[in-house]
Amino acid sequence: MAEIKQVTVIGTGVLGSQIAYQTAYSGFTVAVYDINDEVIGKARDVTFPGLAKTYLAEVKDADQEKVDAALKRLSFHTDYASAAAEADIVIEAAPEKLELKEQIFAELNKVAPERTIFCTNSSTLLPSDIAPSTGRSDRFLAMHFANRVWQFNTAEIMGTPETSPEVFEQVVEFGRQIGMVPIPMHKEKAGYVLNSLLVPLLSAAAGLAAGDYADPKSVDDVWRIATGAPLGPFQIYDVIGLNTPYNIMMSGDAEQQKLGAWLKENYIDKGRLGMASGHGFYDYT
Ligand code: NAD
């Protein structure tokens, strides 16, 4: 099986830019795709130089030479053919809409070499949902990163029954080569490992506070002190930002929607959106 050298990342939003930069920082050549000149120009001129600064400040072994070298390994594209022409692996990090991802993989299948492995970074879709559109189900799987890839460096790897075991292993190894801790999943599971654990925890915490059993700080104290965890669930809400858990709750059952309404009324509507806004369950000013 051909060694992975050339990587293509589709989408330069929150996750795509991080995946592309982390991969380039790890020594790979990375072609980055986005929809038009304006978006790709912003990625080149603002997002990636910003990530280089973040790496300098936050990544232990980073120095000016390394972060500049990573920037030089990136190339920028607005057509799939030039973005994927040499790709050994493509990682798709486009918006979370099935039809959009299907379109992207169908286009990529026309222009990428036969050897190219296709991965999706989708958080909520199963790779089986997307596989038929790829035209290469044996070379398609999910590789799911966490926000702030340089710090929270898991890569959950999840195939379909049709994914070739050799391709799966190659992506696990590639995950290691780009500084991730690969988490191989034995079969498909919505939410992977992380969200299968985190979503119920956050929801249970909201249930305790919304039902007035205990206040958020007490809930966090119990979780930290009694389990040794570094953060309590409400501190985790603040790190993620409250909008994402709210959206997940509102797509759940009546009980979940009640918790979503509580979150909105008491926090989101008051501008308490989490750490990034300076206020959430805690104040950060
Ligand atoms: P985002 O909205 O920040 O970025 C999406 C990018 O895709 C943008 O650059 C946009 O211009 C581009 N795009 C739009 N239409 C496109 C098209 N037709 N073809 C190609 N690119 C297009 O989204 P994000 O938060 O980076 O999420 C991207 C994917 O990563 C989603 O599948 C999401 O589930 C997953 N994910 C997100 C997070 C997170 O914390 N944000 C974490 C893990 C996984």
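Residues numbered from 1 in each chain as written. Predicted model: local features only at pLDDT ≥ 70, side-chain atom pairs only at ≥ 80, totals over all residues. Heavy atoms only, no water.

Enquirer: Would you mind going over the pattern of salt bridges with me for this structure?
Expert: Two side chains carrying opposite charge are able to pair once their charged atoms lie near each other. Evaluated as defined, the whole model comprises 13 salt bridges. One salt bridge in this structure joins Asp 88 and Arg 115, with 2.7 Å as the shortest N-O distance. Of this pair, Asp 88 sits in the loop between helix H4 (80–84) and strand E4 (89–92) while Arg 115 sits in the loop between helix H5 (98–111) and strand E5 (117–120), and the two are 27 residues apart along the sequence. Between Lys 258 and Glu 255 there is a salt bridge; the shortest N-O distance is 3.9 Å. Taken as a pair, Lys 258 and Glu 255 lie in helix H12 (residues 254–266) at a separation of 3 residues, close to a single helical turn. Of the residues examined, Lys 258 reaches a relative accessible area of 57% and is grouped as exposed. A cluster of three or more residues bridged by salt bridges with shared partners is formed by Glu 92, Glu 96 and Lys 101. (Salt bridge = Lys/Arg side-chain N within 4 Å of Asp/Glu carboxyl O. Helix = DSSP H or I, 4+ residues; strand = E, 2+ residues; numbered from the N terminus. Buried < 20%, exposed > 50% of the residue type's maximum accessible area, 1.4 Å probe, protein only.)

Enquirer: Could you clarify how one ought to interpret unusual backbone geometry in this entry?
Expert: What you tend to see is this: most non-glycine residues have negative phi, and most peptide bonds are trans. The phi dihedral of Arg 148 is positive, around 70°, even though this residue is not glycine. Mapped onto the elements of the fold, Arg 148 is located in the loop between strand E6 (140–145) and strand E7 (154–158). Residue Arg 148 is classed as partly exposed on the basis of its relative accessible area of 29%. Although it is not a glycine, Asp 212 adopts a positive phi angle of roughly 60°. The residue Asp 212 is located in the loop between helix H8 (194–210) and helix H9 (216–227) in this model.

Enquirer: For this particular structure, what's the right way to read the sheet that holds strand E8 (residues 181–184)?
Expert: Picture the strands of a sheet paired through backbone hydrogen bonds; they go either parallel or antiparallel. Read across the sheet, 8 strands follow the order E3-E2-E1-E4-E5-E6-E7-E8 without closing on themselves; strand pairing throughout is mixed. With one partner strand each, in any of the chains shown, strand E3 (74–77) and E8 form the two edges of the open sheet. The average angle at which neighbouring strand axes cross in this sheet is 25°, direction not considered. In this structure, E6 lies alongside E7, joined through 4 bridges in antiparallel fashion. Each residue of the ladder has a partner; that of His 144, found in E7, is Glu 156. Sitting on the sheet, helix H2 (residues 37–58) touches strand E2 (29–33) and E3, and the angle it makes with E3 is about 150°. Of the strands in this sheet, strand E1 (6–10), E4, E5, E6, E7 and E8 touch helix H7 (residues 165–177), which is tilted by about 25° from E6. (Pairing = 2+ DSSP bridges. Axes fitted to C-alpha atoms, helices over the stretch in contact; angles between N-to-C directions. Contact = heavy atoms within 4.5 Å.)

Enquirer: How do you make sense of the environment of Glu 173 when you look at a structure like this?
Expert: Mapping Glu 173 onto the fold places it in helix H7. Sequence-wise, Glu 173 and Glu 102 are 71 residues apart; in three dimensions their C-alpha atoms are separated by 26 Å.

Enquirer: Looking at this model, I keep getting lost on the domain arrangement of the chain. Mind explaining?
Expert: How big an interface is tends to be expressed through the accessible area that disappears when the partners come together. Domain parsing of the chain yields domain 1 (6–184) and domain 2 (196–277). Centre-to-centre, using C-alpha coordinates, domain 1 lies 30 Å away from domain 2. (Domains from an automatic or database assignment.)

Enquirer: When you look at helix H6 (residues 127–134) in this model, what are you seeing that I'm missing?
Expert: All buried positions along H6 are accounted for by Pro 127, Ile 130, Ala 131, Ser 133 and Thr 134. When H6 is viewed along its axis, its buried side chains cluster within an angular range of 165° and face the same direction. Close packing links the buried residues of H6 with H5, E5, E6 and E7. Backbone geometry just after H6 places Gly 135 at a positive phi near 70°. (Arc of directions from axis to C-beta.)

Enquirer: Just checking my understanding: could you explain a nonpolar patch on the surface for this structure?
Expert: Together, Phe 152, Leu 231, Val 239, Met 275 and Tyr 284 give the surface a local cluster of nonpolar side chains, amounting to about 400 Å² of exposed area. Structurally, the position occupied by Val 239 is in helix H10 (residues 233–240). (Patch = residues over 30% accessible without salt bridge, like charges linked within 9 Å, V, L, I, M, F, W, Y side chains within 5 Å. Areas by Shrake-Rupley, 256 points an atom, 1.4 Å probe, with all protein chains shown as cover.)

Enquirer: What exactly am I supposed to notice about the pairing of E8 here?
Expert: Within a regular strand, side chains alternate between the sheet's two faces. In this sheet, E8 lies alongside E7 in parallel orientation, the contact comprising 4 bridges. From the neighbouring strand, Ile 157 faces E8, where its bridge partner is Pro 184.

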